[in-house]
Amino acid sequence: MIDVLVCDDQVIVCEGLKRILESDPDLRVIGAVNDGQEALDFVAHRAPDLILMDLKMPGMNGVVATRRILQAYPRMRVLVLTTYDDDEWIFDAIRAGASGYLLKDTPPRELIEAIKGTVSGRSYVDPNVTGKLLRSLAGSAKPGSSTTNFHLSAREREVLQLMAQGLTNADIAGRLYLTEGTIRNYTSEVFRKLGVSDRTQAVIVGLRHGLVSLE
């Protein structure tokens, strides 16, 4: 059972999310609060496995709350769920330590899967904001400047580059004339060497260390 705290300033949104999440037998909403300070107060007495966090709220906003909660409870997971895809909000939330960033028009089943995946250590970023995040990282990265090469083989770097272009395992297999199973093996090895657990994290690390580009 995954315990979830919902933090949103709109009561009707909290009630709707509670109904959606508790339609899955693996999820349980243990609380609903309406601003960042209430979230801080809640987790001081009862620790959820994950906080579903809105960003723009009266009083303490979601970015500040995320930062303070994760400073005090670094193992806790925060998944942002908001209507805002502005660059500033995206980057601030990720810098604050949020494990993922989803928009409120995310289909219920995808939201439930994202919650489960986040608790297991993966990161989720809405496709509508992924491009902005990756372009920002690419702009700040300096290809070839990193002293860390992670010992990726030429084929592994090729697979990572195709991941950065948004290709699925099936797409990469077709592009490289390999089986999808072989690509899964390469992908797993890339994750292991980079010390990550999903494609988004792998591409972010690759961009930061000049292993891939978005060109």
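Quick look at the structure, then. (Residues numbered from 1 in each chain as written. Predicted model: local features only at pLDDT ≥ 70, side-chain atom pairs only at ≥ 80, totals over all residues. Heavy atoms only, no water.)

1. Here we look at the nonpolar core
Side chains of a nonpolar character, in soluble globular proteins, are inclined to be buried together.
And then number 1: Core analysis: the biggest nonpolar cluster contains 22 residues, and L160, M163, I172, L194 and L211 have the highest contact counts within it.
And then number 2: Of the residues forming this core, the biggest block, 5 residues, is contributed by helix α7 (residues 154–164).
And then number 3: In contact with L194, not counting residues within four places along its chain, are F150, L152, L160, A202, V205 and L211. (Core = buried A, V, L, I, M, F, W, Y, C linked by side-chain atoms within 4.5 Å. Buried < 20%, exposed > 50% of the residue type's maximum accessible area, 1.4 Å probe, protein only. Helix = DSSP H or I, 4+ residues; strand = E, 2+ residues; numbered from the N terminus. Contact = heavy atoms within 4.5 Å.)

2. Some points on the packing of α7 against helix α10 (residues 199–208)
And then number 1: Where α7 meets α10, the axes come as close as 9 Å, and the angle between the chain directions of the two elements is 105 degrees. What the angle tells us is that α7 and α10 run roughly perpendicular. Residues L160, M163 and A164 of α7 lie in contact with α10, whose contacting residues are R199, A202, V203 and G206.
And then number 2: Residue classes in the contact of α7 with α10 are distributed as 5 nonpolar, 1 polar and 1 charged. (Axes fitted to C-alpha atoms, helices over the stretch in contact; angles between N-to-C directions. Parallel < 35°, antiparallel > 145°, perpendicular 65-115°, else oblique. Nonpolar A, V, L, I, M, F, W, Y, C, P; charged D, E, K, R; others polar.)

3. Re the pattern of salt bridges
And then number 1: As enumerated under the stated definition, the model contains 11 salt bridges in all.
And then number 2: E158 is the salt-bridge partner of R155, the closest N and O atoms lying 2.9 Å from each other. Taken together, the positions of R155 and E158, both in helix α7 and 3 residues apart, correspond to about one turn of that helix.
And then number 3: Assessed through its relative accessible area of 35%, E158 is described here as partly exposed.
And then number 4: If you follow the salt bridges from partner to partner, you end up with D24, D26, R109 and K116 in one network. (Salt bridge = Lys/Arg side-chain N within 4 Å of Asp/Glu carboxyl O.)

4. Considering the packing of aromatic side chains
And then number 1: Applying the stated rule across the entire model yields 1 aromatic pair.
And then number 2: Positioned above the aromatic ring of Y84 is the side chain of K56, whose terminal nitrogen or guanidinium carbon lies 4.3 Å from the ring centre. (Phe/Tyr/Trp six-rings, centres within 6.5 Å; stacked < 30°, edge-to-face > 60°. Lys NZ or Arg CZ within 6 Å of the ring centre and 35° of its normal.)

5. A short note on the pairing of strand β2 (residues 27–33)
And then number 1: Of all 7 residues that make up β2, 5 are buried, and the element is covered over most of its length.
And then number 2: Alignment of strand β1 (residues 2–7) against β2, held across 6 bridges, turns out to be parallel. Residue V6 lies in a different strand from β2, and its bridge partner there is A32.
And then number 3: Once the chain exits β1 it traverses helix α1 (residues 11–21) before rejoining the sheet at β2, and the crossover so formed is right-handed. (Pairing = 2+ DSSP bridges. Right-handed = clockwise from strand over helix to strand, strands pointing away.)

The quantities given are spatial measurements derived from coordinates; they are silent on function.
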